[in-house]
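Letter by letter, the chains look like this.
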Protein chains: 2
Amino acid sequence: MKINEHYRELEQSYLFSTIAKKVAQFTQEHPEQEVIRLGIGDVTLPLCGAVVEAMQQAVAEMGQKETFRGYGPEQGYDFLKQAISDYYGEQGIAFNLHEIFVSDGAKSDVGNILDLFSTQNKVLIPDPVYPVYVDTNVMAGRPITYLNATADNGFLPLPDPAVKADIIYLCSPNNPTGAVYTHAQLEQWVEYARAQNAVILFDAAYEAFIRDPSLPRSIFEIEGAKTCAIEFCSFSKTAGFTGTRCGYTIVPEELQFEGMHLNAMWLRRQTTKFNGVPYIVQKGAAAVFSPQGRAQTRENINYYHENAAVLADALREKNIWFTGGENSPYLWMRCPDGKSSWEFFDFLLRKAGIVGTPGSGFGQNGEGFFRLTAFGDQENTRKAALRLKEVL
Amino acid sequence: MKINEHYRELEQSYLFSTIAKKVAQFTQEHPEQEVIRLGIGDVTLPLCGAVVEAMQQAVAEMGQKETFRGYGPEQGYDFLKQAISDYYGEQGIAFNLHEIFVSDGAKSDVGNILDLFSTQNKVLIPDPVYPVYVDTNVMAGRPITYLNATADNGFLPLPDPAVKADIIYLCSPNNPTGAVYTHAQLEQWVEYARAQNAVILFDAAYEAFIRDPSLPRSIFEIEGAKTCAIEFCSFSKTAGFTGTRCGYTIVPEELQFEGMHLNAMWLRRQTTKFNGVPYIVQKGAAAVFSPQGRAQTRENINYYHENAAVLADALREKNIWFTGGENSPYLWMRCPDGKSSWEFFDFLLRKAGIVGTPGSGFGQNGEGFFRLTAFGDQENTRKAALRLKEVL
């Protein structure tokens, strides 16, 4: 039996386990120092009341013969797909139910969508980036070209017509930088993708954090995007579902390559290699779209926005260059005094007891930069902001 | 952008949608006839009390900041992995926690495990078979050799040393035939796999239905299996989790090919392309192993066993050859009077209002055979048995 040789090409060390080791060592040496974690992009507020109530009811249904649900449609129940369709409708974007696929989260679908594409495609991935986009393509053996995101372009790189691409990754609002593309910028990307006959994999996991109404929350706000883009959305950050697992992937009917409709291919892939999201979780996700669910999740997102604002104020006060924090839960700052990312990580941990994420962990262009997250406890975040002002 | 060309090779028609169309047509023509469904392998009993209680508590925890859980380990929480490890321990099989991977069901993992293997491997798949094994390999472009399961070998084919194989699929208790391999037979398979330097993908989704204590419930009861097998288990049929989605995959530490440990590869695959099973669902799954959970799920399995016995009695009374039904929720019968599978499907639907699954839908060797499931309502199953005795 021959293994998939590309697994040998994967890099061994992983960013968050290295961080965990350093933090463990620090806490062992300094048990009295309270460590504030602004590193991992995980939420801290619990599921909102409307979601909890919906899931309690769903659990009860599952315990009664008359209301029990066995296998559901792999693409998700209509009640949830309809709520998602309506959500897009409010933004003036129309999708039929069959174009919507309920997932157990963007991470799974962003990885598994690659099943539909030949390994002979050229992949264009931004740097810095969420490492999953890179690793999933290394596993498949696809050649990767990096798209340089730097302070010069505000970490919002635009297409270079001299660069050939077949699969293009865009994440906006961006992880790790928090930068958000404008409508005009996304139009350039759609134009480029169509000219290249490429597909855009658009990660919109953080769309609910956009407050500036002029900024696009979906690639499908751009005309022509339905012929060249797949959008991945998630309830993780919108509604705190990081441990509950639900998202949705939009594969437009118009999306076709070499005479094959990607929508039909994705349906086939999911009905063959997936068995759907738990009924209980889908009921919880649908509750996110109810009036109470919207109000409650909006409250939670505002809580995180306040954290971001507090951290942003501290950085501005100290004249630190940063992007993000306005329409995103991430702040991406330049390390002061010419420190490298890991030097700054160590400095911040030892001098201020704050854990962040070294930008170099997200790619070469992340060197000299650092990510802070706004997902923490509000009181702790205020403490962290004060400490930042002391040590910077 | 080039698509994965192998998707063009997938067969278009799908078994269960054809069945659904025929049933819809019949019910339209005969609205007065009560249709009894013994076709799709879905459970009908609700989640048991211990599971419901555990999930209600978990939902409540998720609604409180102090007990809320965000991202969990992708491989599953230790509390569930420990329960699974203990379950194997009771059978005299020892696994460390890192060899156990919690999944959202066997279907996902049976498909996704193929990521680890080169597309240049020869695949050996039984016929008849659960269609997923075939389709997932067609999607990857691997050549498939079929292993003939027939009435002559009791639908328990044994290895042919003249046949080369790198990836071997075994499902025992079998879907669709209900046949169960003995210890001696599985020893032959392990010996063959080791001689071929192949990996066995052992689907044990129905292991909880085995009542005969001499029959193996895990491939790992066989000495040497840890060096050549991966086992896929599921709570779907054991505990009615078809709509709740949880299972576990065992990748032994000893399993290596070309100097690479499959355990490390699977960990890398899952940490890159998966984000774990919902905390709520894992708490429910752990409750299956509690004393009350075991008693309650055992009661449900016995309920299905009684259904199987009632159907088996009817077939025996009419001298119909069949396998399964004893240690499995499936009965695999030979169609009477030389009828083809679909002829018998139509006959049974129109003459007795019973829906089953034509064996030909599971492969060439299924032609002339028919699958009945024991998952239905007990009263309906008794009615179905009476009708069978009338029409056969």
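Our focus in this paragraph is the overall build of chain A. Helix and strand counts for chain A come out as 12 helices and 15 strands. With respect to the three principal axes, the spread of C-alpha positions in chain A is 55 × 55 × 50 Å. Counting over 392 residues, chain A shows a buried share of 63%. The contacts of chain A with a sequence gap of at least 6 include a subset with a gap of at least 24, amounting to 74%. In chain A, which carries 35 positive and 46 negative side-chain charges, the distance between the mean positions of the two groups comes to 4 Å.

Here we come to the relation of the copies chain A and chain B. If you rotate chain A by 180° and push it 0.0 Å along the axis, it lands on chain B with an RMSD of 0.0 Å. Here the symmetry operator amounts to a two-fold rotation axis. For chain A, the residue whose C-alpha comes nearest the rotation axis is Gln-56 of chain A, separated from it by 3.0 Å. Of the interface residues in chain A, 100% have counterparts in chain B that sit at the interface too, so the contact is made through matching surfaces.

Before going further, it helps to spend a moment on the interface of chain A and chain B. The interface of chain A with chain B comprises 78 residues on the first partner and 78 residues on the second. Buried area between chain A and chain B, summed over both chains or domains, comes out near 6700 Å², and the portion from carbon and sulfur atoms is 56%. Taken as a group, Met-1, Tyr-71 and Arg-268 of chain A account for 13% of the area that chain A buries against chain B, more than any other trio of residues on that side. For the salt bridge of Glu-74 of chain A with Lys-107 of chain B, the shortest nitrogen-to-oxygen distance reads 3.1 Å. At the junction of chain A with chain B, the criterion picks out 37 residue pairs in polar contact (both at pLDDT 80 or more). Where the side of chain A that touches chain B is concerned, the elements lending two or more residues are helix H2 (49-62), helix H4 (106-112), helix H5 (131-140), helix H7 (235-239), helix H8 (262-273) and helix H9 (279-288) of chain A. Here the element with the most residues in the side of chain A that touches chain B is H8 of chain A; it accounts for seven residues.

The nonpolar side chains of soluble globular proteins are, as a tendency, buried together. One finds Ile-168, Ile-200, Phe-241 and Tyr-248 of chain A together with Ile-168, Ile-200 and Phe-241 of chain B to be the most contacted residues of the largest nonpolar core, which totals 211 residues. Setting aside anything within four residues of it in sequence, one finds Phe-241 of chain B in contact with Leu-47, Val-51, Phe-235, Ser-236, Cys-246, Val-281, Gly-284, Ala-285 and Val-288 of chain B. With 66 residues, the next largest nonpolar core counts Ala-106 and Leu-262 of chain A together with Tyr-7 and Phe-101 of chain B among its residues.

All names here are of chain B. For the structure shown, the criterion picks out 54 aromatic pairs over all chains. With a centroid separation of 5.4 Å and 10° between ring planes, the pair formed by Tyr-77 and Phe-79 is classed as stacked. For the pair Tyr-88 and Tyr-248, a centre-to-centre distance of 6.4 Å together with 85° between the ring planes defines the contact as edge-to-face. Of the two residues, Tyr-88 sits in helix H3 (residues 78-90) while Tyr-248 sits in strand E8 (residues 247-250), which places them 160 residues apart along the sequence.

Our focus in this paragraph is the pairing of strand E3 (residues 123-127) of chain B. Residues and elements named next belong to chain B. Taking burial as the measure, the five residues of E3 include five buried ones, the bulk of the element. Side chains Val-123, Ile-125 and Asp-127 of E3 all project onto a buried face; the interleaved residues Leu-124 and Pro-126 project onto the opposite face, where all are buried too. Across five bridges, E3 lies against strand E4 (residues 144-148) in parallel orientation. Bridged to Leu-124 within E4 is Thr-145. The parallel pair E3 and E4 is bridged by helix H5 (residues 131-140), and the resulting crossover is right-handed. Pairing analysis gives two bridges linking E3 to strand E5 (residues 167-171), with the strands arranged parallel. Note that in E5 the partner of Val-123 across the bridge is Ile-167.

Turning our eyes to something else, we now look at helix H8 (residues 262-273) of chain B. All names here are of chain B. Here H8 spans 16 Å end to end across 12 residues, near enough to the 16 Å set by a 1.5 Å rise per residue. For H8, the buried fraction is high: nine of the 12 residues fall into the buried class. All of the buried residues in H8 are Leu-262, Asn-263, Met-265, Trp-266, Arg-268, Arg-269, Gln-270, Thr-272 and Lys-273.

Right, let's get into the environment of Ala-374 of chain A. Within the secondary structure layout, Ala-374 of chain A lies in the loop between strand E15 (369-373) and helix H12 (378-391). Residues Ala-374 of chain A and Gly-359 of chain A lie 15 residues apart in sequence; the distance between their C-alpha atoms is 16 Å.

Another point: helix H9 (residues 279-288) of chain B. Most of H9 of chain B sits out of view: nine of its 10 residues are buried. Listed as buried for H9 of chain B are Tyr-279, Ile-280, Val-281, Gln-282, Gly-284, Ala-285, Ala-286, Ala-287 and Val-288 of chain B. Among the structural elements, H2 of chain A together with helix H2 (49-62), H3, strand E2 (100-103), helix H7 (235-239) and helix H10 (291-317) of chain B are those in contact with the buried residues of H9 of chain B.

Looking now at the pattern of salt bridges. Residues and elements named next belong to chain B. Here the structure, examined in full by the defined rule, presents 30 salt bridges over all chains. Glu-34 is the partner of Lys-383 in a salt bridge, and the nearest nitrogen-oxygen pair spans 3.2 Å. Here the residue Lys-383 occupies a position in helix H12 (residues 378-391), and Glu-34 occupies one in the loop between helix H1 (15-29) and strand E1 (36-37), the gap between them amounting to 349 residues.

This part takes up the side chain of Asn-275 of chain B. Position of Asn-275 of chain B relative to the elements: it lies in the loop between H8 and H9. Note on Asn-275 of chain B: relative accessible area 8%, which makes it buried. When neighbours within four sequence positions are excluded, Asn-275 of chain B is seen to be in contact with Lys-107, Ser-108 and Arg-245 of chain A together with Tyr-71 and Glu-74 of chain B.

Before going further, it helps to spend a moment on the confidence of the model for chain A. Summarising the model, chain A shows a mean pLDDT of 97, and 100% of its residues fall at 70 or more. The complex model carries a pTM of 0.97, and its ipTM stands at 0.97.

Residue and element names in this part refer to chain A. Reading across from one edge, E2-E8-E7-E6-E5-E3-E4 is the order of the seven strands in this open sheet, with mixed pairing throughout. The strands lining the two open edges of the sheet, one partner per strand, are strand E2 (100-103) and strand E4 (144-148). Ignoring strand direction, the axes of neighbouring strands in this sheet form an average angle of 25°. Relative to strand E8 (residues 247-250), strand E7 (residues 229-234) runs antiparallel, the two sharing four bridges. Bridge pairing in E8 links Cys-233 to Tyr-248. Its contacts with the sheet place H8 against E2, strand E6 (199-203), E7 and E8, and it is angled at close to 30° to E2.

So, on to unusual backbone geometry. Residues and elements named next belong to chain B. Backbone torsion omega between Asp-127 and Pro-128 reads 10°, so that peptide bond is classified as cis. Within the secondary structure, Pro-128 sits in the loop between E3 and H5. A cis amide bond, omega -5°, links Ser-172 with the succeeding residue Pro-173. Positive phi, close to 60°, is recorded for Phe-155, a residue that is not glycine. In the Ramachandran plot, Asp-337 falls in the positive-phi region, its phi being about 60° despite a non-glycine side chain. Of note, Asp-337 is situated in the loop between strand E12 (330-334) and helix H11 (341-352).

A separate point is the sheet that holds strand E14 (residues 357-358) of chain B. All names here are of chain B. What the four strands build is an open sheet, ordered E11-E12-E15-E14; its pairing is antiparallel. Edge positions in the sheet fall to strand E11 (322-324) and E14, since each has one partner strand and no second. By the bridge criterion, five bridges tie E12 to strand E15 (residues 369-373) in an arrangement that is antiparallel. Paired with Trp-332 across the two strands is Arg-371, which belongs to E15. Where H11 meets the sheet, its contacts fall on E12, E14 and E15, and the angle it forms with E15 comes to roughly 45°.

Conventions used here
Residues numbered from 1 in each chain as written. Chains lettered and ligands numbered in written order. Predicted model: local features only at pLDDT ≥ 70, side-chain atom pairs only at ≥ 80, totals over all residues. Heavy atoms only, no water. Helix = DSSP H or I, 4+ residues; strand = E, 2+ residues; numbered from the N terminus. Buried < 20%, exposed > 50% of the residue type's maximum accessible area, 1.4 Å probe, protein only. Contact = heavy atoms within 4.5 Å. Lys, Arg positive; Asp, Glu negative; His and termini not counted. Charge placed at Lys NZ, Arg CZ, Asp CG, Glu CD. Least-squares fit on C-alpha atoms with pLDDT ≥ 70 in both. Buried area = accessible area lost by both parts, 1.4 Å probe. Salt bridge = Lys/Arg side-chain N within 4 Å of Asp/Glu carboxyl O. Polar contact = N/O pair within 3.5 Å; in protein donor to acceptor, adjacent residues only side chain to side chain. Core = buried A, V, L, I, M, F, W, Y, C linked by side-chain atoms within 4.5 Å. Phe/Tyr/Trp six-rings, centres within 6.5 Å; stacked < 30°, edge-to-face > 60°. Pairing = 2+ DSSP bridges. Right-handed = clockwise from strand over helix to strand, strands pointing away. Expected span 1.5 Å × (residues − 1). pLDDT = per-residue confidence, 0-100. Axes fitted to C-alpha atoms, helices over the stretch in contact; angles between N-to-C directions.

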